Amino acid sequence: MIRRLLGACIGVVVVTAWACGGSSGDTVPTPPPGDDIDNRPEFDAGTDAGTDAGTDADAGTDAGTDTDAGTDAGTDTDAGTDAGTDGGTDAGTDGGTTDPQPTEGPWPTDAVTDYSGRYGIRRVQSVGVDAAHNIWVLDGASIGVLRADTKQLVWTTKPIGQARLGFGTDKLATASSVICGGKAGEAYVGYESFDLAPDAEYPDLHTNYIVSPGQCYYPYQNAPECYSYSARRFQYYLQGDVDVVRLNGAGNDVELKVHISESAGSSRITGSTPLGIQNTNDYHYDEDRSVFSCVRVMKGPYAGEIYVGTNHGVTRIRDYTYNSHRHPAWWKLTRKPDGNVSKSQRAGYTYGLGISQDGHLLIANDWKVGIIPPNAGLKWWDAEGRKDDMPANEDPAIYALNIFVDPVNPGPDDERYDDAPKNRWRGFQQTKDGLYYVGSLGDGLWQMKTKVVTPSPLKLRDEAYAPIEGLGTRNIASLAASEDGSLFIGTEDNGLWRLKPDKTLEKVQGVRGSNISQLVYDPTVTPGALYVLSDGRLYVLRGY
């Protein structure tokens, strides 16, 4: 089956353990009036002979949908308050932006502060900081913001956005997952849903393909009949994805601003219902359904942009417009009984995201890692920088994505197949000295043995790894690089560690707990601030 640019590949894997079928939900969103897709004619992703396996066994549970079609999308009027000074830079600049000098910021500068105890923050699952230094926290359906100006914690008075119907396999989301601060007074909230599975009513349909109203879709060349629109399957568009929330005008509640649905590419769905994130160049493929990680760019020409790691790759968001998706990927070859070989793309869940010293995106998923330099033209984010694809009237500067790093995993590369043990990468960072580090939930911490890259295409000259011993565990949950040259290492079961600039290890004192599930470093304040989630409790370290 020929597909249109399903997402630019870097080189990753994903396990195929499909999570759900369908259901007969009786409430459907307002469908678009027609099939108005405008595919980019120059682009062709090539043949995808199998399914695009962007799923993992822990993706969700087996069920269909019974979603409320109400949009509850909020309005785009700016009712929110800034709750502080907007310390961010314009997200869409062409590289000429100069970062503002770091300031002390509004928060304590003590070496270690227990924010949960000091500000009365209950147990949280994710933390983020916005451009005005407001601290955002997520606890299931509850979203909170610790205001920088009043030092008061404000929680949502009722569930909003994807959480408004509760969580479950018959709702818009199975769970909330992560939160990232955005511009002043705003944050991005990610949700999980289930991966789409083969559908018994549409046996030859690609698992992620959703037929539009009025469309007659032939699943393969010379198919005897076409598939028509299904109201049940159309509901899938609403599930998961990303909400933008904001502090309300009175500063005493959090409200929904918008559900991210506006594509930067040629993919368009008209109608009144914001349907979420789909393939940028062909909306029929609803691939990025669950969000597992997010990172806000805090300095450089793209400060303010958001990257979210999904079940399919990485989606880039500029303000409220997205382009999906890039992913380290690989092709699984299967020899059939007749001797022919089929291939199917494998793309792993993206749990670890980082920003390099040069502003490149660092991607870590279940099997592989990759590096992508960003580009000024958001609509070309997923285009992989292929010269043959560049329209003659476009400025190459907005398109130059060359391209990615694809280091091999520790251990034999031929173990990369669906039922093999996973490396489960959970962090990818570059320290100030230029060295790259990857952390695995099960395989420990590794340093790439080189910091030298060739400029174009971006490629490591030496793709070997060296293990970092002495952490007392092989379970790395999170990583963060700081301005002083340190690498902070969050373990799942042995607390917080620091690899100092001299490459010696020390366990960080003053942070209680064993599971360091998230690390967020803010270089826009001085001394730098490291936000640490330890067993659901928030600590902040300053001075690194």
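Residues numbered from 1 in each chain as written. Predicted model: local features only at pLDDT ≥ 70, side-chain atom pairs only at ≥ 80, totals over all residues. Heavy atoms only, no water.

### Thoughts on the overall build of the protein chain
Moving on, step 1. When helices and strands are tallied, the protein chain shows two helices and 33 strands.
Moving on, step 2. Counting every position in the protein chain, which comprises 544 residues, the buried fraction comes to 58%.
Moving on, step 3. Expressed as a percentage of contacts within the protein chain between residues at least 6 apart in sequence, the contacts between residues at least 24 apart total 64%.
Moving on, step 4. Surface exposure of the protein chain reaches about 19900 Å², of which carbon and sulfur atoms provide 48%. (Helix = DSSP H or I, 4+ residues; strand = E, 2+ residues; numbered from the N terminus. Buried < 20%, exposed > 50% of the residue type's maximum accessible area, 1.4 Å probe, protein only. Contact = heavy atoms within 4.5 Å. Areas by Shrake-Rupley, 256 points an atom, 1.4 Å probe, with all protein chains shown as cover.)

### Some words on the nonpolar core
Moving on, step 1. One finds W107, Y115, I121, V127, I135, Y531 and L538 to be the most contacted residues of the largest nonpolar core, which totals 20 residues.
Moving on, step 2. When contributions to this core are tallied by element, the ones reaching two or more residues are helix 1 (115-119), strand 3 (126-129), strand 4 (135-139), strand 32 (529-534) and strand 33 (537-542).
Moving on, step 3. Residue contributions to this core peak at three residues, all from strand 32.
Moving on, step 4. Formed by 16 residues, the second largest nonpolar core is a distinct cluster that contains I160, A173, V254 and L256. (Core = buried A, V, L, I, M, F, W, Y, C linked by side-chain atoms within 4.5 Å.)

### Observations regarding the sheet that holds strand 5 (residues 142-146)
Moving on, step 1. Ordered in space as 3-4-5-6, the four strands form an open sheet in which the pairing is antiparallel. For this open sheet the edge positions go to strand 3 and strand 6 (153-155), each flanked by a neighbour on one side alone. Averaged over all neighbouring strand pairs, the angle between strand axes comes to 20 degrees, with direction disregarded.
Moving on, step 2. Bridge analysis of strand 3 against strand 4 gives four bridges, and the strand direction is antiparallel. Bridge pairing in strand 4 links S126 to L138. (Pairing = 2+ DSSP bridges. Axes fitted to C-alpha atoms, helices over the stretch in contact; angles between N-to-C directions.)

### Remarks on the sheet that holds strand 2 (residues 112-114)
The pairing of strands in a sheet comes from backbone hydrogen bonds and takes either a parallel or an antiparallel form.
Moving on, step 1. Taken in spatial order, the four strands line up as 2-33-32-31 in an open sheet, and their pairing is antiparallel. Where the open sheet ends on each side, the last strands, each with one partner, are strand 2 and strand 31 (516-522). Each adjacent strand pair in this sheet contributes to an overall mean axis angle of 20 degrees, direction not counted.

### Examining the environment of P106
Moving on, step 1. Residue placement: P106 occurs in the loop between strand 1 (8-9) and strand 2.
Moving on, step 2. C-alpha separation for the pair P106 and D149, spaced 43 residues apart in sequence, amounts to 7.5 Å.
Moving on, step 3. Aside from chain neighbours lying at most four places away, what touches P106 is H133, A148 and K151.

### Description of the side chain of Q162
Moving on, step 1. By secondary structure assignment, the location of Q162 is in the loop between strand 6 and strand 7 (175-181).
Moving on, step 2. By relative accessible area, Q162 is classed as buried at 4%.
Moving on, step 3. Within the structure, Q162 has its side chain in polar contact with the backbone oxygen of G240 (distance 3.0 Å).
Moving on, step 4. Look past the residues within four positions of Q162 in its chain and what remains in contact with it is F167, L172, A173, Y191, L238, Q239, G240, D243 and H259. (Polar contact = N/O pair within 3.5 Å; in protein donor to acceptor, adjacent residues only side chain to side chain.)

### Thoughts on the packing of aromatic side chains
Centre distance and the angle of the planes are the two values used to describe a pair of aromatic rings.
Moving on, step 1. This structure, assessed with the given rule, holds 17 aromatic pairs.
Moving on, step 2. Between the aromatic rings of Y349 and Y351, the centroid separation amounts to 6.2 Å while the plane-to-plane angle is 55 degrees, which identifies the pairing as tilted.
Moving on, step 3. Taken together, the ring pairs in this structure connect Y229, F234, Y237 and Y283 into an aromatic cluster.
Moving on, step 4. Of note, R122 hangs over the ring of W155, and the distance from its end group to the ring centre comes to 3.8 Å. (Phe/Tyr/Trp six-rings, centres within 6.5 Å; stacked < 30°, edge-to-face > 60°. Lys NZ or Arg CZ within 6 Å of the ring centre and 35° of its normal.)

### Here's the deal with the state of the cysteines
Moving on, step 1. For the structure shown, the criterion picks out two disulfides.
Moving on, step 2. Between C180 and C294 runs a disulfide, and the two sulfur atoms are separated by 2.4 Å. Torsion about the S-S bond of the C180 and C294 cystine: about 110 degrees, corresponding to right-handed handedness. With C180 in strand 7 and C294 in strand 12 (residues 291-296), the pair connects residues that are 114 residues apart, well separated along the chain. (Disulfide = S-S within 2.5 Å.)

### Section: the pattern of salt bridges
Moving on, step 1. Considering all chains together, one arrives at 17 salt bridges under this definition.
Moving on, step 2. Between R316 and E305 there is a salt bridge, and its shortest N-O distance comes to 2.7 Å. Remark: E305 occurs in the loop between strand 12 and strand 13 (306-310) and R316 occurs in strand 14 (residues 314-318); sequence separation between them is 11 residues. Each member of the pair, R316 as well as E305, is classed as buried.
Moving on, step 3. Put simply, D199, E201, R232 and R233 are held in one network by salt bridges that share partners. (Salt bridge = Lys/Arg side-chain N within 4 Å of Asp/Glu carboxyl O.)

### Some words on the side chain of E186
Moving on, step 1. In this fold, E186 is placed in strand 8 (residues 186-192).
Moving on, step 2. For the buried E186, no salt bridge exists, and the shortest N-O distance to an oppositely charged side chain is 4.1 Å, to K257.
Moving on, step 3. Of the polar contacts made by the side chain of E186, one reaches the side chain of Y320; its length is 2.8 Å.
Moving on, step 4. Leave out the neighbours within four places in its chain, and E186 touches D130, W136, G181, V244, V245, R246, K257 and Y320. (Lys, Arg positive; Asp, Glu negative; His and termini not counted.)

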